[in-house]
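Structure assessment
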Amino acid sequence: MSALVGRDEDLAEVRATLRQPPRAVLLVGEAGVGKTALVTAALDGRAGLPPRVGGALATLTWMPYLPLRRAFPDLDERVWAGDADHVLADLRAAVAAGAPVLVEDLHWADPATLACLEGLVGAVPLVMTVRRGDAAAAGVATRLEKAGASRLDLEPLGGADARLLLDRLRPDLVPAEADALLHRSGGNPLLLEELARDGASESLTLAVLARCRALPEPALEDLATLALAGRPLPAEVLPEIGALRESGIVAVDPGGLAAVRHALIAEVVVDLLSAERRRRCHGTLAGLADHPGEAARHLLALGDREAAKDAALDAVAAAPTPGERWRHLATAAEASDGDGAVLLRARAAEAACTAGEPDEAARLLDGLDDDCFAGPHGVAVAMARATQAFQAGEWDRYLAEVERGREVAATGSEGEALVRAREATAALVVRNDAAAALRLAGEAVALAEEHGLSPAGPRATRAGALAALGEAGWEPEFEAAIAAARADGDPYRELNARHNLVFALTVAGLLDRAWEIAATQRARCLELRLLKRARSADISRLVVAGCRGDHDWVLAESARLLAEPLSPGDRCDVHSVRGGSLAQLGRVEEALAAADALGERASHAADRLAVRLLANAFAGHAEAAREAWVGFGDSLGQEDVMITEITRAMSWACYEAGWPLPERAPLPPDGLVAGHAPELDGLAALAAGRPAEAAQLFADAQGRHGPRRWEVVWCRWAEGEALRLAGDPSATSVLGAAAAAAEEHGYAPIATRCRRSLRALGERPAGPRRTGDDPLTPRERQVVDLVVQGLTDADIADRLGVARRTVQTQLASARAKLGAESRAHLAALAGRDAP
């Protein structure tokens, strides 16, 4: 209990937090500050079942769910082969009995574990620890706070408490010795305890060194092996475990696993090892490893590069997910030399992109200089760099890398086939040139088949080009590309092809079918345990809902997604769809904030301007809309549908401002934008003073807009306004129906125009409908709104100038009032229910 000196308030806070929903504590502190001792005492003081205890390990960060595997050793091994949603469902069933869960050292945890822990917040008493100062600590802590965990920062002991602990450890010290030792420890309990053993060591390193020197050589060898393992080892593989336990530096748990008493002590032991002992111990650990990936790392450290590469490639073959595969490929590359290492790095980067890790891919590729382009794998490197640039949204660099690949690819070679496929993608996605994409994709398919390569990628691009050109056969071509990629074991191209199929179905106006395929995509992503890609499927459904005019659902779902960890590209996609819905609801400032959230990402430059234009056009701010319109023409990433949408909005802005209507390209007669042609023809007739003709065109447009509810209601208002200008007595009923529909669905810009038109007829329409009373207090609403924006409890406390505990109390109250099960659920409900 000595380690808990001075921790009474911290202990009380942990216990109190575990009694109050969502019963989740995140303990953050430096190594050796006493996190484990504190949470162990807090959990030991609870009645009921003993806690489940797990934690991450520095040497096994690549292994999915390892921290949770250690906490739930009784679960069937097949559980851990599932995706995070499936694993979470099994974990929720396992914790139903109520046993608390402690998971430590989450700065070393894999993304799948963190995703599961986010889902466990609120389901069980949950304690998590993170070591302050680790590179990943801040991001992990922020993520878990956003999930609803209450953060407690554990600081070193104050002067009086540190002295009390030292007095218990070494009552024999004279004041001068005690003062010097307290100064060296800085109030860190572990450091204080180690330094107090002899009272003479100036640092933890020297204190540990003194203890090591007291061990016999065989025991020292076992200690070195255990410390270098970075994880517990079975006690029976350590011949001198008895001496190590007696020394107090190693402990053995009830399951027979031995571990150095504290990770910080293990790190010091490792730092003290000689090069020869380090190599010898790595050899021992390579023999003890039960996974080829772990063996590969020890063999590489041993210097047996060939054996390390072979073990790493065995791990690649056995890896069930791309997330594991790229890490093992990176190890194989590190163990290789020359051209072989270049190719493995490129393969690892491609695999990292498949797993949704473009930053890791960039790190792998940064180690390759321009000389590699003169070697046999220059095209592979250029294509890997192009893939990374595409995922990062850096389209100028994507085009440059594709061009570099074209320069080094020999005519008629496999390399040319790869480059041609990327050129087709650039033409379709970046330059919006479907005709060129169709030609290039056809050439790429022929080259791929000639060289025995998979045609899946270029076939998907060809399908997208056919869809963009309105030619037949695009859906079967997509299906063939998906089947080919799946047969090749290429999840990257399989998922890309299905994602593009969803987009094509949406553009074709087949919204129910698009929704169905998006659900299939999500299930496949989860089957592959590609959690980030699964969220892309959620975003596809967000797009479909926005097209339907289901803006309340869009706002609730987008708030949920923004509360989760997203890739930069996915986050921009969510802001883009959310901004469009906010614009159509007339929430101008929020829509403009969503546009600003897109930042300067090149792949979303057109989206940013489009959202700004829509928000201002529907609000009647014609000058601001025109400013966005001018910039839109020079931006990359334009799509035909996007161009049509903003042309429609800008045309209405011009009409209402009394300006000439902008020129427009020919519009398709069917698909998602089938209603735009008669609508804009009606607007042209209205501007030319032919309101009766315009009314007929607007009525036709309503039928052609089909499932697009917002556009239908807009054209109903436009029909009524045209009838009013034509002096038709039916204008009143048409406008009344449009006003009722607009009020029902919260379409404020349309409702405002309906009221204006009705007043022009001498009617006295009702004002805007008011929602019921907000169940939240003004302060609760303010706090929840900041949660929706993605702020942590600490951020909110700083913003509002209150204590973090106050913020947590207000959030707990808001969750109870709104029936929210988690922080993400609260954000979603708040986005939907805000008055």
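Residues numbered from 1 in each chain as written. Predicted model: local features only at pLDDT ≥ 70, side-chain atom pairs only at ≥ 80, totals over all residues. Heavy atoms only, no water.

For the protein, the count of helices and strands is 43 helices and eight strands. A compact globule built from 835 residues should have a C-alpha radius of gyration of about 28 Å, and the protein, at 31 Å, falls within 12% of that. For the protein, the spread of C-alpha atoms along the principal axes amounts to about 105 × 70 × 45 Å. Within the protein, the fraction of its 835 residues that count as buried is 55%. Across the protein, every contact between residues at least 6 apart in sequence was considered, and the portion connecting residues at least 24 apart equals 62%. With an accessible surface of roughly 34000 Å², the protein has 52% of that area assigned to carbon and sulfur atoms. The distance from the centre of the 92 positive side-chain charges to the centre of the 120 negative ones in the protein is 4 Å. (Helix = DSSP H or I, 4+ residues; strand = E, 2+ residues; numbered from the N terminus. Rg over C-alpha atoms; globule rule 2.2 N^0.38 Å. Buried < 20%, exposed > 50% of the residue type's maximum accessible area, 1.4 Å probe, protein only. Contact = heavy atoms within 4.5 Å. Areas by Shrake-Rupley, 256 points an atom, 1.4 Å probe, with all protein chains shown as cover. Lys, Arg positive; Asp, Glu negative; His and termini not counted. Charge placed at Lys NZ, Arg CZ, Asp CG, Glu CD.)

With that settled, consider the sheet that holds strand β1 (residues 24-29). Spatial strand order, β2-β3-β4-β1-β5: five strands in an open sheet with parallel pairing. Each edge of the open sheet carries a strand with a single partner, namely β2 (52-55) and β5 (150-153). Averaged over all adjacent pairs, the angle separating strand axes in this sheet is 20 degrees, with direction ignored. Pairing geometry for strand β3 (residues 101-104) and strand β4 (residues 126-131), over three bridges, is parallel. The residue bridging V103 from the neighbouring strand is M128, located in β4. (Pairing = 2+ DSSP bridges. Axes fitted to C-alpha atoms, helices over the stretch in contact; angles between N-to-C directions.)

Another point: the packing of helix α34 (residues 640-657) against helix α35 (residues 676-687). Helices that pack against each other are described as a pair by the angle of their axes relative to one another and the distance between those axes. Packing of α34 against α35 brings their axes to within 11 Å, and their N-to-C directions diverge by 15 degrees. Here α35 runs roughly parallel to α34, going by the angle between their axes. You can see that α34 and α35 cross each other, and the crossing is left-handed. Where α34 approaches α35, its residues T644, E645, R648, S651, W652 and Y655 are matched on the opposing element by H676, E679, L680, L683, L686 and A687. Its residues placed into classes, the contact of α34 with α35 shows six nonpolar, three polar and three charged. (Parallel < 35°, antiparallel > 145°, perpendicular 65-115°, else oblique. Left-handed = near helix turned anticlockwise from the far one by under 90°. Nonpolar A, V, L, I, M, F, W, Y, C, P; charged D, E, K, R; others polar.)

Glancing now at the sheet that holds strand β6 (residues 233-234). Backbone hydrogen bonds hold the strands of a sheet together, and the pairing may be parallel or antiparallel. Taken together, three strands build an open sheet; the order of strands is β6-β8-β7 and the sheet is antiparallel. Pairing within the sheet leaves two strands with one partner each, and these edge strands are β6 and β7 (250-252). Pairing of β7 with strand β8 (residues 257-260) involves three bridges; the strand directions are antiparallel. If you follow A251 over to β8, its bridge partner there is A259. Against the sheet, helix α11 (residues 217-229) makes contact with β6, β7 and β8, and its axis sits at roughly 85 degrees relative to β8, the strand it touches most.

This brings us to helix α8 (residues 175-185). A178, L181, L182, R184 and S185 are the residues of α8 that are buried. Axial view of α8: buried residues confined to an arc of 160 degrees, hence all on one face. Those residues of α8 that are exposed and angled more than 90 degrees off the buried face are P175, A176 and H183. Against the buried residues of α8 lie α7 (159-169) and α9 (189-195). Within two residues after α8, G186 carries a phi angle of roughly 65 degrees, on the positive side. (Arc of directions from axis to C-beta.)

Once that is clear, we can look at the packing of helix α37 (residues 709-726) against helix α38 (residues 731-745). Here α37 crosses α38 at 155 degrees, and the two axes come no closer than 8 Å. What the angle tells us is that α37 and α38 run roughly antiparallel. The two elements α37 and α38 meet at a crossing, and its hand is left-handed. Along its contact with α37, which presents R709, V713, R716, W717, E719, G720, E721, L723 and R724, the element α38 presents A731, V734, L735, A737, A738, A741, A742 and H745. Per-class residue counts for the contact of α37 with α38 are ten nonpolar, two polar and five charged.

For the rest of this paragraph, the subject is the pairing of β3. Residues V101 and V103 line one face of β3 and the alternating positions L102 and E104 line the opposite face, and both faces are buried. Of the pairings in the sheet, the one linking β2 to β3 comprises four bridges and is parallel in character. The residue of β3 that forms the bridge with G54 is V103. Handedness of the crossover is the feature at issue here: the chain leaves β3, passes through helix α5 (residues 111-120), returns alongside β4, and the resulting connection is right-handed. (Right-handed = clockwise from strand over helix to strand, strands pointing away.)

This part covers the packing of aromatic side chains. Applying the stated criterion across every chain yields a total of 14 aromatic pairs. Centre to centre, the rings of F390 and W395 are 6.0 Å apart; their planes meet at 25 degrees, and the pair counts as stacked. Ring geometry for F618 versus W714: centroids 5.7 Å apart, planes at 50 degrees, classification tilted. You can see F618 sitting in helix α32 (residues 605-619) and its partner W714 sitting in helix α37, a full 96 residues away along the chain. Among the aromatic residues, ring-to-ring pairing joins F618, W652, Y655, F698, W710, W714, W717 and Y747 into one connected group. The lysine or arginine in question, R626, covers the ring of W659, its NZ or CZ lying 3.8 Å from the ring centre. (Phe/Tyr/Trp six-rings, centres within 6.5 Å; stacked < 30°, edge-to-face > 60°. Lys NZ or Arg CZ within 6 Å of the ring centre and 35° of its normal.)

This part covers the side chain of R578. Among the secondary structure elements, R578 is positioned in helix α30 (residues 568-584). It turns out R578 is buried and unbridged, and the closest side chain with the opposite charge, E590, is 4.9 Å from it. Dropping the residues within four chain positions of it, R578 is found in contact with V554, L555, S558, A559, L562 and V788. (Salt bridge = Lys/Arg side-chain N within 4 Å of Asp/Glu carboxyl O.)

A few words now on the nonpolar core. F72, W80, L91, L106, L117 and L126 are the most contacted members of the largest nonpolar core, which has 90 residues in total. It is helix α18 (residues 338-354) that provides the largest number of residues to this core, a total of eight residues. Other than its neighbours up to four places away in sequence, L126 contacts L18, R23, A24, V25, V101, L117, L120 and V121. The next biggest cluster of nonpolar side chains, apart from the first, holds 51 residues, and it includes F618, A625, W717 and A741. (Core = buried A, V, L, I, M, F, W, Y, C linked by side-chain atoms within 4.5 Å.)

One turn of the α-helix equals 3.6 residues, which is why residues spaced by three or four share an orientation. Over its 14 residues, helix α21 (residues 395-408) extends 20 Å from the first C-alpha to the last, a length consistent with the 20 Å expected when each residue adds 1.5 Å. Check the buried side of α21 and you find it contacts α20 (378-392) and α22 (414-430). (Expected span 1.5 Å × (residues − 1).)

A few words now on the confidence of the model for the protein. The predicted coordinates of low-pLDDT regions are not to be read in fine detail. Summarising the model, the protein shows a mean pLDDT of 89, and 95% of its residues fall at 70 or more. For the protein, helix α43 (residues 823-833) is the element with the lowest average pLDDT, namely 67, and α37 is the one with the highest, namely 98. (pLDDT = per-residue confidence, 0-100.)

This brings us to the pattern of salt bridges. Per the stated rule, a full pass over the model turns up 63 salt bridges. For R52, the salt bridge goes to D74, with nearest N and O atoms at 2.9 Å. You can see R52 sitting in strand β2 and its partner D74 sitting in the loop between α3 (66-71) and α4 (84-94), a full 22 residues away along the chain. R498 is the partner of E494 in a salt bridge, and the nearest nitrogen-oxygen pair spans 3.1 Å. With E494 and R498 both in helix α26 (residues 491-507) and four residues apart, the pair spans about one turn of that helix. Residue R498 is classed as buried on the basis of its relative accessible area, which comes to 6%. Via salt bridges that share partners, E217, E221, E276, R277, R279 and R280 belong to a single interconnected network.

Turning next to unusual backbone geometry. Put simply, P21 and P22 share a cis peptide bond, and its omega is 10 degrees. With respect to the secondary-structure elements, P22 resides in the loop between α1 (8-19) and β1. Phi at D105 is positive, roughly 55 degrees, even though this residue is not glycine. In this structure, D105 sits in the loop between β3 and α5. Residue classification places D105 among the partly exposed positions, given a relative accessible area of 21%.

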